[in-house]
Amino acid sequence: MMIWLILGIFIGCGLYWLYTKIKAGSIAVTWYQWLLGFGSTVLFLLTIQNIFAFQVEMEPVAAKFTMLAMGLPAVILGVLAYSSPKLLASFKTKPGEKATISQ
Amino acid sequence: MPEQLSRRQMIKALGLAGAGVSLAASGLGNTVMAATEADLKPQAVPYRYWWVKNIDKPTMEIDWKNFHPFREWRSTRGSLKEYRGAEEDAKYSKLQKDNLHNWEKDNVPGYTTKDIALKAAVGYGRPDFQFMGPRKALTPQDRGLPRYEGTPEEAARIVRVALRHMGAATVGFVELNPETTRKLIYAEEPAPSKKPIIFENVDVGYEDDKKLVIPDKARWVISFTIQMSTETMKYGPTALGSLTTGLTYTRMWTIYSQLHEFIRGLGYNSYGASRFNGFGIYPAFATMAGLGEMSRLNRLITPEYGPMVRTVSMATDLPLAPTKPITFGVMDFCKDCKICAEMCPSGALSMDREPSWETKGPWNNPGHRAYFEDSVKCRNYWNTCGTNCGICFSVCPYAVDDEASLHRIVKGTIASTTAFNSLLVAADRKAFPAQPEKPMKDPESWWKDENLAEMGIDTRRGGRKI
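Keep in mind it's a predicted model, so treat the numbers as computed, not measured.

Cut-off values and rules
Residues numbered from 1 in each chain as written. Chains lettered and ligands numbered in written order. Predicted model: local features only at pLDDT ≥ 70, side-chain atom pairs only at ≥ 80, totals over all residues. Heavy atoms only, no water. Helix = DSSP H or I, 4+ residues; strand = E, 2+ residues; numbered from the N terminus. Rg over C-alpha atoms; globule rule 2.2 N^0.38 Å. Buried < 20%, exposed > 50% of the residue type's maximum accessible area, 1.4 Å probe, protein only. Contact = heavy atoms within 4.5 Å. Salt bridge = Lys/Arg side-chain N within 4 Å of Asp/Glu carboxyl O. Core = buried A, V, L, I, M, F, W, Y, C linked by side-chain atoms within 4.5 Å. 1 Å grid on protein atoms, 1.4 Å probe; cavity = no way out; pocket = protein on both sides within 12 Å on 5 of 7 lines; lining within 4 Å. Points joined across faces, edges and corners; volume = space filled by probe spheres on them. Nonpolar A, V, L, I, M, F, W, Y, C, P; charged D, E, K, R; others polar. Buried area = accessible area lost by both parts, 1.4 Å probe. Polar contact = N/O pair within 3.5 Å; in protein donor to acceptor, adjacent residues only side chain to side chain.

S.K.: Can you explain the overall build of chain B? Please cite residues and give values.
M.R.: The helix and strand tally for chain B stands at 15 helices and 11 strands. Computed over the C-alpha atoms, the radius of gyration of chain B is 25 Å, within 12% of the 23 Å expected from 2.2 N^0.38 for a compact globule of 466 residues. Dimensions of chain B, computed from the C-alpha atoms along their principal axes, are close to 100 × 60 × 45 Å. Among the 466 residues that make up chain B, the fraction classed as buried is 51%. If you take every contact in chain B between residues at least 6 apart in sequence, the share linking residues at least 24 apart comes to 77%.

And the structure:
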């Protein structure tokens, strides 16, 4: 249960940091970033729960499989959530033109 | 004209309105629920996952007109010698004896002296089989008091609570109907006595030299499951794996006797197995009682524990509210899965996609559509590996613990749609790899773990953990 307390504190701190940054106007979060971020967090939490649980069940292969099947998508979604504005901006720019992020 | 509301007043008004609507809805909900529960007979088994759906008929089709009471001794448990011939029978018996001796001598993991010793030890402590139980408990009449009186729903609840406390996993009830469910009681008890089991219009049943008599008034069957250890079953087909069933049988028959005495203590009578595997077709009763679905294993798979249960039944004259059959997608999932049949070393389990009305031999009882197994092939392998194998149970995707949330997500998905069955089968093979004729884990590693769960099971499952 301690793991959930620690994770809860970390996620709470992260959300508070995000809230203050958004309020200060130093960060803009688009709707799809919220969506990707939410998906990444859910998958990440599920991965953590299942990895620990499969250890309790004495199923190390299942734990590794979970890391690959759920942990990897969680990381990919997280990276996409962070970098999607830059990626989208680079798609919209013409060759030779410098990509800028509209806020 | 109404005066304009301030923002605070508006929020307060909305809150009060919302609370009012919620209270009205909850009150209405309770009323509807109470009315529905009163009208609903049979009822649902309580404390289930949301994806377990109650249905009127079990997912295993039954043709009651062509379904007749089975003679238990016609199973391979009672007639194996006849089915494979005396010479083959002697050959297999010798093979089992020689294999066990040699493997113990050679310290083969899972068959070492410590494995054999533990397997034998957990088989001790079982009470003697008695048709009406030990009959030692004092009845209310013995104590000068009237017998227990309650509605069938209340009686069902106290029996369920008592059984959970004794160590049962799930509990359901079947009402006996001469045209249908009564046929699930064996025509004759197991060998060697093979006495007929009959119903008579008497007040109290009895057993004599020629027959076992259940009174017509004993119209209810209590069906319950006992959890088996997923942990040790993974070591099948070794002796270490097979002690899983050994320990569960010991617990099961102990609880069975305790249930007889509990019913007696309430002032009623109960009628059950007079020998090992006596009374009736337990998985069929469990299916009718909504404890699980039949499967490719031709055994019960439960929503809570998968196939990792043993199940048993007894009849009683204590009126009990029956419970409904269930579905949670097992029959459809088995069509795609087949891992049990693929991993069965003897090839005894059906590889057909659909269940069949055609039996594989006289050890099967016709009249229902099932994945019938070649029981002689299965028994031949039992003799070869020296135990009761259990590989088909251990490789079943439902034979899992309950710690990881993925198990519930997967089971809920299977129960809700068949669209992902093939994908989930492929994922199961990767996450829980199995090899033919080999234990899923190294038996020696089990002996090094001094932090094992009591009896290899989690007793909080199936109730408060749901």
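Having seen the model, we can carry on.
S.K.: Any chance you could break down the pattern of salt bridges for me, citing the residues and the numbers?
M.R.: Residue and element names in this part refer to chain B. Throughout the structure, instances matching the rule amount to 27 salt bridges over all chains. Put simply, glutamate 188 and arginine 71 hold a salt bridge, and the shortest N to O gap is 3.2 Å. Of this pair, glutamate 188 sits in the loop between β2 (171–175) and β3 (197–200) while arginine 71 is found in the loop between β1 (53–54) and α2 (76–84), placing the two residues 117 residues apart along the sequence. Using a relative accessible area of 16% as the deciding quantity, one classes glutamate 188 as buried. A salt bridge links arginine 408 to aspartate 402; the shortest N-O distance between them is 2.7 Å. On the accessibility criterion, arginine 408 (27% relative accessible area) is partly exposed. Linked by salt bridges that have partners in common, Glu61, Asp332, Lys335, Glu354 and Arg369 make up one network.

S.K.: Which residues make up the nonpolar core, and what values go with them?
M.R.: All names here are of chain B. Core analysis: the biggest nonpolar cluster contains 58 residues, and Ile222, Phe224 and Phe279 have the highest contact counts within it. Elements with a contribution of two residues or more to this core: α5 (152–166), β2, β3, β5 (212–215), β6 (220–227), α7 (239–266), α8 (282–288) and β10 (309–316). For isoleucine 222, the residues in contact, after removing those within four places along its chain, are Val159, Leu163, Val171, Gly172, Phe173, Leu259, Ile263, Val312, Ser313, Met314, Thr316 and Leu320. Formed by 41 residues, the second largest nonpolar core is a distinct cluster that contains Val330, Phe333, Cys396 and Tyr398.

S.K.: Let's hear about empty space enclosed by the protein: which residues, and what values?
M.R.: Residues and elements named next belong to chain B. In the structure shown here, the tally under the stated rule is 3 cavities of 30 Å³ or more. Considering only enclosed or pocket space, the largest cavity measures out at about 100 Å³ in volume. Breaking the lining of the largest cavity down by element, the ones donating at least two residues are α9 (330–337) and α10 (339–343). At 4 residues, α9 tops the list of elements feeding residues into the lining of the largest cavity. In terms of residue class, the lining of the largest cavity is built from 11 nonpolar, 1 polar and 2 charged. Roughly 60 Å³ of internal volume is contained in the second largest cavity. Every residue along the wall of the second largest cavity is listed here: Pro127, Asp128, Phe129, Gln130, Gly133, Pro134, Trp253, Tyr256, Ser257, His260 and Ala273.

S.K.: An account of the interface of chain A and chain B is needed here, citing residue identities and associated values.
M.R.: Residue-level contacts link 14 residues of chain A with 18 residues of chain B. With both chains or domains summed, chain A and chain B bury close to 1,300 Å², and 65% of this area falls on carbon and sulfur atoms. For the chain A face of the interface with chain B, the top three residues by lost area are Glu57, Met58 and Phe65 of chain A, together amounting to 43%. Counting across the interface, chain A meets chain B through 1 salt bridge. Our count for the contact surface shared by chain A and chain B stands at 9 residue pairs in polar contact (both at pLDDT 80 or more). Those elements that place two or more of their residues in the side of chain A that touches chain B are α2 (31–56) and α3 (60–92) of chain A.

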